[in-house]
Each structure stands twice: as C-alpha cells, then as structure tokens.
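Coordinate analysis (summary)
Next come the chains, spelled out residue by residue.
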Amino acid sequence: MNMHTSRRNFLKSTGALFIAIPFASHVKAQGRIAAKTVDPAQVDAYLALNADGTATIYSGKVDLGTGLRAAFPQIAAEELGLPINKIKLIEGDTLLTPDQGSTSGSNGIPKGGMQLRQAAATARQALIKLASEKLGKPASELDAINGEVRPKAGGAGVSFANLITDKGFELKLDAKAPVRDPKTHQIVGKHVPRPDIPAKATGRFVYMHDLEVPGMLHGRTIRPDVIGAELVSVDESSIASIPGAKVVRLKNFLGVVAPDEWDAVRAAKMLKAEWKGGGLPTDSTGLRDYVKAQKISSTEALDKAGDFAAAYASAPKKLSGEFYWPAQSHASMGPSCAIADVKEGEATIWCSSQGTHRYAKHFATMLDLPANRLRVHYLDGAGCYGMNGHEDAAADAAFMSKAVGKPVRVQWSREDEHALDPKGPAQVITQEAALSADGKIVAWHTTMRCPKPTANLPTIPLLAPVEVDAKQVKGIATGSLSSGGKPPYDVPNLLVEVHWLEDTPLRPSHLRAPGKIGNCLAVETFMDELALAAGKDPVEFRLAYMSDPRGREAVERVAKLFNWDKRVEPRRNGKGRGIGYTQYKGDETYVAIAMEVDVSADGRIRVTRVAATHDCGQIISPDGVRSQVEGCILQTIGRTLFEEVKFDRNHVTSRDWASYPILTFPDLPEMKIELIDRPNEPPRGAGEAATAPVAAALANAVFDATGIRLRTVPFTAARMKSAMAESGVKFG
Amino acid sequence: MASITLTVNGSARTIDVRDPEKPLLYAIRNDLGLKGAKYGCGLGQCGSCTILVDGEPVRSCTVPVSAFAGKKITTIEGLGSPEKPHKVQAAFIAEQAAQCGYCTNGMVMTGAALLEKNPKPTAAQVKDALAQNLCRCGTHERIVAAVVKAGGARG
Ligand code: FES
Ligand code: FES
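Since this is a predicted model, take the numbers as computed values, not measurements.

1. Describing the overall build of chain A
Of the regular secondary structure elements, chain A holds 19 helices and 24 strands. The C-alpha atoms of chain A give a radius of gyration of 27 Å, which matches the 27 Å a tight globule of 732 residues would have. Taken across its 732 residues, chain A has 63% of its residues classed as buried. Across chain A, every contact between residues at least 6 apart in sequence was considered, and the portion connecting residues at least 24 apart equals 78%. A total of about 26400 Å² of accessible surface is found on chain A, and carbon and sulfur atoms cover 52% of it. Taken as two groups, the 90 positive and 84 negative side-chain charges of chain A have centres that lie 2 Å from each other.

Here you go:
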C-alpha cells in the first residue's frame, strides 16, 4: 500500500479526480496528526509507526521523477527492520513533513535520505530499549526484524505496535544512534521497483496537472510581448462573448479566469490589452559579448596553489582558449501548473515545487499571510531539473484566487514555459595553461564569468509578485555556477578565479548541474589540448595527474568499458572518440565518460556510443541511480548539441520545440554504464553528476573526428559545418 | 450548444461543445475526466496528448473535438489498467521506463499503435516510430527497450 494505490483506489471508488484536503484547522480534529511535529530535530517529524504494523515516513524532500519514492522507503525499511511494503510515504506537504531544504543539488539521498536514516536508527534504538525492558533481555541481544524486536538468537519478540503509543517517540534525532552495518543490508542496494510507475504507465497517476479541487476556475495569465512592459489598458469587452470569463488585473499582472479550461485559453488569446516600455539590453546573438563586456563587480580566487603567474611566464609552451555556454531552458515536457485556494486569512497551494517549504514562506509573504496559515501540497509535475515555472504558476494562481475568491488552477502554455521559465544563465570561461619542456603541466588558470547569486537569497523572485508589486525578497539565484572550474588533477601552480557579474539579461535560476557542464567542458577540453601538446594519449595523460584512487578507478574502468584505443593525434576521418572526467562539486560523485561520434560532411554530429562509470559511494537504489545516469547523459547530449535560448530585444523567441530542439529518439546512442558501489562510503548524489563530463567528452570526440575544437555550445550542424569550411576539413 | 457523441474506450459518451474548435484533449480530460493524455505543447510537436482513433495514434491537442464524431477513441485508460495492463504498459512497468512519466502516455500509445501494425518491431523501428515523441528526462533507452520487449523481438 502506498500513496499511489490509495489515490488510485480513491479514484476508482469516486470516479472523479476531486481530492479535498483539509487545511490545518480541520486536521486538528483527527487526533494523531494534531500532535504531528515537523521539527527536523525530532524523530517523529520523519516517521510514525502505525497500529496496523505499517510505518508512515514524512519527507520534506520530494520525488521529481528521480526515484526517491523507492529510495526513501528502502532506507527507512532497512534501518527500522520492516518489510518495504509496510512503508507509506508522504512528501513535501508543509503541514506534515519536516523542512529538509529543497530537493536540489543532488542532495535528496545524501542529505534527506541520511536524515531519515538517522531518524530511523534512533527509533530502532528506542524500540530495542523498550523491548529490552518488556522481554527482560539485554538490548545487545535484541534486534528489530520484520516489524518486531526479538532476540537475535531466536525466540518470541514484541511487535513495534506493542512498544509504542499514539504519542510517537518524543525523541530527538540522535546523531550517534548506530546505523546498520552495510554488510547486513537486505533492502538498501537492492532493486526495488518504483511504486509510481504502474500508475504512470496506465494513465492513472494523478499529476499536478490532473488535480481538480471543488469549485475551481481555470486561470491563464497574459504577459506582455516585451519583457518588463507596463500594462496601460485592458479592453474587458474583448472577451464578453465567452460566458463566465473574467479579467483579473492587478497593477501589471493580467489574467483571465473561466469555469471551462478551453474558455480560459480562448479568453487569454482574445483579450485585448495595451502595454508600454520594457525590453532587454541585448539579444541572444550578442549575449556572449554582453557577458564579456559586463562590469565585473568582484573577482574571487576560489583555488590557488603555487604561483601561477610566475610559472606561466617562464614556461616554454603555453595554451589558451575561451569557452561559451549559452542560456538554456529547463524545457519541461509539461508546462507548469498549480492550484491555489486563497481565503480570508489562510491559503492552500498545490504545486510541484522542489522546495515546498521554502516557497510556502515565499507565498505567505507575497500574500501577506502568516507563514503558518499557508499550506503547500506537493504533487508530481513534469520533470523540472532545477527551478522551472512551477512556483511562478503557483503565484499566478494565488493572486487570481485571492482576486476572485475561488480556487484557481493555472496551466501555463508551451509558449509560457519556454519563454518565462527562469533560465540557466550564459557563461564565458577562459583557460590558460603551460607545459614544461618535457611536457608536464606546470601552470593552470581558469577564469569564469557568471552572474553573482545574491547571498542567502532564500527563494528566486517570482514573476507575479513583481507585476502585482507584492512583497518578495529581491535578488538572483543561479546555483553554484563557479563549481567545477578547478581541474581534478594535481597541478603545481594553479589559479581558479571567478569574475562575478551583477546580472544576466533573462531571469536566472538553477538548471541541472548549474555551471558545471560548461566548466567541465572548458577544463576537460583543455586537458585534451594539453595532452596533445605533450604528445600523450588523453587517458594516460589524465591518469598521470590523478592521485585519488576512486577517480583513477573511474577513468581506468571507463577506458576498459569503452575499449579505448590509445591515440595522440586526432584521426580526422569523421569518426572520433573522446573522454571527460569529473568529481562533482570537487568532492562528491566521480564520473568518467567516453564517447564516440560521427561527424558528417554537412556538419551533423551524432553520438554513436557512450560508456560511463559512476561512483556515488553507497548505492541505495541501483536502478534509480542507473536511470538518473542515463537521463543525465542523454539530456546533456541534447543540451550540448542543440539547446540555446534565443531572444530578441523584446522577448524569448525560442518558444516551442521547433525553435528549442532537444534530443530525440533517432539521436539515441548505444550506452554502457557501470555503477561502482561502495557500501562503506557515504552516499552522494546521482541526479546531476553524470551531466558534467558529457559536453567535454563530446567535444573531445569531435576533435578526434575532425581536428576542430568546438568551444561554443550548442554544437549545431551549422556551427560545425562552418568550422569545417574555415579549416578546410573534408572527409569521406 | 452543439452536442457530440464520441465512442471512448468502448462506450458512447455525449458532450456539449460550445466552441467547435475546442481540441479533443480538453474534452477528454475535462468533460470525460480521463486525464491520462497530457497537455505538453498544444502544437502537435511532443506527443504527450496521443490517443488512438480507429487504432491510429492522433495528437488530441490540435484536432477539434467536432472531427471525432462517430470515431472510435481509445485512451491510455482504455488500453489497460494497473491490474490488467496492456502488454506495452506491462513492459513499461517491467523496464521501469519512466522518470517523471509525463511523456509516458504518448510513448505507450504510439508504441501500442506500432505493435498493431508491426507486432515484433526492432529497436530501430521503434526509434523511428517514436521519432516525433519527445522525452525531456532522457528515458529514451528504456522506452525503446519496453516497446521492443512488448513485441517480443530481440532488440
Ligand atoms: S500536447 Fe499534443 S503534441 Fe504536444
Ligand atoms: S520521463 Fe519525463 S519527459 Fe519522459
């Protein structure tokens, strides 16, 4: 039994998709939940043992299509000593779950999962102690197995339900409570099918987009053609022919609501409004120059060793290069959707946010409500890979609901999602390095230019509060764009710097592996250039500068898995192989990727073969990790080959899948993935790490195929073709 | 207001249509409460909204509901259920072929239509049939494996 089957049964019995979820005040009447703590320091915040022998776990982190819904129960079941099918999971609900921070930065398992493990370990310790009194046996002779505490040597035990009352544990999380020895794991590290897939494969799963609440209206927002324009006038009569359609105008915020969804769509299209002003400081073709010309607000040295300047100045062989990563969109398959029910003094929001707790506070501020009078429920949306438009749609719905006094569902259009989702910002990265006369790296300098995230900004500013002129914290957030500029190699004289820029033309947010794919492209392409300059094979050359045995193993194993054949000079025959390596965020997951490409005479690049090794420490859900690694690789091949947000001085012009192409089935390469499990190491994230070396491996393979270094993403056929024409490359 | 009778998953369903241009997707999701087909683009570009009409995959987001009078429509709910999944659905479950799963409707429906014509497709034929279906999560390899498996051919 889990959330999905219960929802499914509910749907079956009612034949409708209405789900009425009470607000805080009503929940109080239900006894047990009234006492439910959400204090992250308390065991009861994370789990409850139920009288029927099941356990409910409460997670402030949410499954974004990443498989946490299998992994969290695995962790809890293992640690508690319960069969996994006895675990129910509640995710993201701000009234019932502890605030564990947002589900981002690949921290679902390393942070959220480990808090849960510690809570369960504390609970087990308490259960054993209680049982020891009941059974009159020392705690050391007991263990929690299959829902009861029993003597390890055999004999009668006592069930969890008989050890614990409705009050719960009333215990603080004990950081020292012993966790189970990985050698004894029976559920962690094993394949557990994801509980949501049967409902997803049969159309029964209730996504955010599918939810209805009683009495709701359908809302659509109308945003100006020119970003930042002010609303001058609205002609409400232009939608008079649509029954029940109403305009919601709040300063520069413009929306329509209607009882019927298609009517709301039509009304949004038909509504006549006049706007003035606004505009962008550059268009997308000028973005690279714009980034380079922007005033540097500060420069920060992130890593330093030896004396780069002196070593570089005196070295006999020098190389340099500049790399560009464009603005990209989250481009979720389902445009963002949310429902809000804003009443006098309280509000409920249903949303697919990665950070329901954070945004609950944000929504409360913008609606002028006390934080404890606003509840956010989490429902799955389409994959978001960072912060897309989920929260914006929720803010849109909230303001419209407040204005009309009814629940409002807002569904963004495809054009809205592509145009308005906050973007992964553009980056310019430069590299300088030098080799000694005998071909050793003696100096390395990475310089990154990226917008500076506002210090301690809790949430990303949303569109609607700006338009409405409601309260919200200002600033920009991007994720840690400057991570990954440090080469993962032993270099004697090193300087890694970031030039912080004030801003970036389109509103930024974190997009999967913020900054790290571009930074790794720069570092790892450059490592290849250095290998060539030193007359060495790229794999051998890397290994010569690697001392971390886990990193070495990842690279050595990928070379074997891929059947790497040594080369120094590029083949230049249209087929090429390349490698890329990273340790994510400098101290997390190790990933090595080897890739084979075909470059055709018209400049089209096809990735034909990929091999990857991935070491994220202890693996909880092997198939979950594998599916994330597959997704990282495929999505990033698309980001590298095709994706760039296009805009003119007015607005984003790449507003559909034709103008913002992503990877498709014919582009699918053959993939071999080897997961390196280290049960005794702490688990690290798997949601992003494998994205980082993808662009680098691809670029290095293109170089092998053509002798051309692509340093500007995306590697479109047009770009490749003109580079080939320029350097006179022909093959076939 | 005109009313239109559609045959959906074997039953006749009559719906009132104020705007004859209303796409079928809005009718099946909102008027009939069948939410398996998803709104992805409304432009016919992604395939999330795919249903079967007389066995052929159709993108329900761009075709007006009025065009479907008298046609036999199958939605993903009609194809199978968690208890009795269609062989394509069963293969998606076995292969764990979904991340977020928002694209899954389109993949399952297009895959099921392919098997009707070509009962044992190869991986290359599956990729070809799904060439116009988009997945942002990068679940492609599993999706191909699932459709091939449902057909029983060797990938
Ligand atoms: S929603 Fe119909 S094709 Fe995208
Ligand atoms: S699984 Fe998320 S879009 Fe395909």
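Next comes the rest of the write-up.
2. A few points about the confidence of the model for chain B
Mean pLDDT for chain B: 95, with 99% of residues reaching 70 or above. Both scores are available for the predicted complex, with the pTM at 0.95 and the ipTM at 0.98.

3. Considerations on the environment of Glu 630 of chain A
Structurally, Glu 630 of chain A can be placed in helix H17 (residues 622–641). Given a relative accessible area of 4%, Glu 630 of chain A falls into the buried group. In this structure, the C-alpha to C-alpha distance between Glu 630 of chain A and Ala 612 of chain A, residues 18 residues apart in sequence, is 9.3 Å. Setting aside residues no more than four positions away along its own chain, Glu 630 of chain A makes contact with Met 671 and Ile 673 of chain A together with Gly 138, Glu 141 and Arg 142 of chain B.

4. Topic: the pairing of strand E19 (residues 441–451) of chain A
Residue and element names in this part refer to chain A. The buried fraction of E19 amounts to 11 of the 11 residues, a majority that puts the element mostly inside the structure. By the bridge criterion, 8 bridges tie strand E18 (residues 427–435) to E19 in an arrangement that is antiparallel. From the neighbouring strand, Ala 434 faces E19, where its bridge partner is Ala 443. The loop that links E18 with its antiparallel partner E19 comprises 5 residues; one of these, Gly 439, has a positive phi angle of about 80 degrees. Note: E19 against strand E20 (residues 493–501), 9 bridges, orientation parallel. Looking at the pairing, Pro 451 lines up with Leu 501 of E20.

5. Regarding the domain arrangement of chain B
Put simply, an interface is often sized by how much accessible area is lost when its parts join up. All names here are of chain B. What the domain assignment reports for chain B is domain 1 (2–78) and domain 2 (80–151). Each of domain 1 and domain 2 was reduced to a C-alpha centroid, and the two centroids are 21 Å apart. Domain 1 puts 22 residues into the contact, and the matching count from domain 2 is 13 residues. Together domain 1 and domain 2 conceal approximately 1300 Å² of surface at their shared face, both sides included; 52% is due to carbon and sulfur atoms. Area buried by domain 1 at its contact with domain 2 is led by Cys 46, Thr 50 and Ile 76, which between them contribute 35% of it. Between domain 1 and domain 2 we count 1 salt bridge in total. In this structure, the salt-bridge partner of Lys 117 is Glu 56, at a minimum N-O distance of 3.0 Å. Connecting domain 1 to domain 2 are 8 residue pairs in polar contact (both at pLDDT 80 or more).

6. Structural notes on the sheet that holds strand E23 (residues 605–615) of chain A
Strand pairs in the sheet, formed through backbone hydrogen bonds, run parallel or antiparallel to each other. Residue and element names in this part refer to chain A. The strand order across the open sheet built from 4 strands is E21-E22-E23-E24, with neighbouring strands paired in mixed fashion. Unpaired on one side and paired on the other, strand E21 (575–583) and strand E24 (670–675) mark the two borders of the sheet. The average angle at which neighbouring strand axes cross in this sheet is 15 degrees, direction not considered. Pairing analysis gives 9 bridges linking E21 to strand E22 (residues 590–599), with the strands arranged antiparallel. Within E22, the residue paired with Tyr 581 across the bridge is Ala 592. In the packing of helix H16 (residues 549–562) onto the sheet, contacts are made with E21, E22, E23 and E24, and the angle to E22 comes to roughly 30 degrees.

7. Things to note about the packing of helix H4 (residues 104–117) of chain B against helix H6 (residues 140–151) of chain B
All names here are of chain B. Interaxial distance between H4 and H6 falls to 10 Å at its minimum, and their mutual angle equals 35 degrees. Crossing handedness for the pair H4 and H6: right-handed. Contacts between H4 and H6 involve Met 107, Gly 111, Leu 114 and Leu 115 from the first element and Ile 143, Val 147, Ala 150 and Gly 151 from the second. For the contact of H4 with H6, the residue count by class is 6 nonpolar, 2 polar and no charged.

8. So, the sheet that holds strand E16 (residues 374–378) of chain A
Residues and elements named next belong to chain A. Across the sheet, which stays open at both edges, the 7 strands sit in the order E9-E10-E7-E17-E14-E15-E16 with mixed pairing between neighbours. Lying at the two open borders of the sheet, with one neighbouring strand each, are strand E9 (246–250) and E16. Averaged over all pairs of adjacent strands, the angle between their axes in this sheet comes to 25 degrees, without regard to strand direction. Two elements, strand E7 (residues 217–221) and strand E10 (residues 253–258), share 4 bridges in a ladder whose sense is antiparallel. Its bridge partner lying in E10, His 218 is registered against Ala 258. Contacts from helix H7 (residues 261–270) reach E7, E10 and strand E17 (408–411), with the element oriented near 25 degrees to E7. Set on the sheet, helix H10 (residues 356–367) makes contact with strand E14 (337–343), strand E15 (346–351) and E16; between it and E16 the angle comes to about 140 degrees.

About the thresholds
- Residues numbered from 1 in each chain as written.
- Chains lettered and ligands numbered in written order.
- Predicted model: local features only at pLDDT ≥ 70, side-chain atom pairs only at ≥ 80, totals over all residues.
- Heavy atoms only, no water.
- Helix = DSSP H or I, 4+ residues; strand = E, 2+ residues; numbered from the N terminus.
- Rg over C-alpha atoms; globule rule 2.2 N^0.38 Å.
- Buried < 20%, exposed > 50% of the residue type's maximum accessible area, 1.4 Å probe, protein only.
- Contact = heavy atoms within 4.5 Å.
- Areas by Shrake-Rupley, 256 points an atom, 1.4 Å probe, with all protein chains shown as cover.
- Lys, Arg positive; Asp, Glu negative; His and termini not counted.
- Charge placed at Lys NZ, Arg CZ, Asp CG, Glu CD.
- pLDDT = per-residue confidence, 0-100.
- Pairing = 2+ DSSP bridges.
- Domains from an automatic or database assignment.
- Buried area = accessible area lost by both parts, 1.4 Å probe.
- Salt bridge = Lys/Arg side-chain N within 4 Å of Asp/Glu carboxyl O.
- Polar contact = N/O pair within 3.5 Å; in protein donor to acceptor, adjacent residues only side chain to side chain.
- Axes fitted to C-alpha atoms, helices over the stretch in contact; angles between N-to-C directions.
- Left-handed = near helix turned anticlockwise from the far one by under 90°.
- Nonpolar A, V, L, I, M, F, W, Y, C, P; charged D, E, K, R; others polar.

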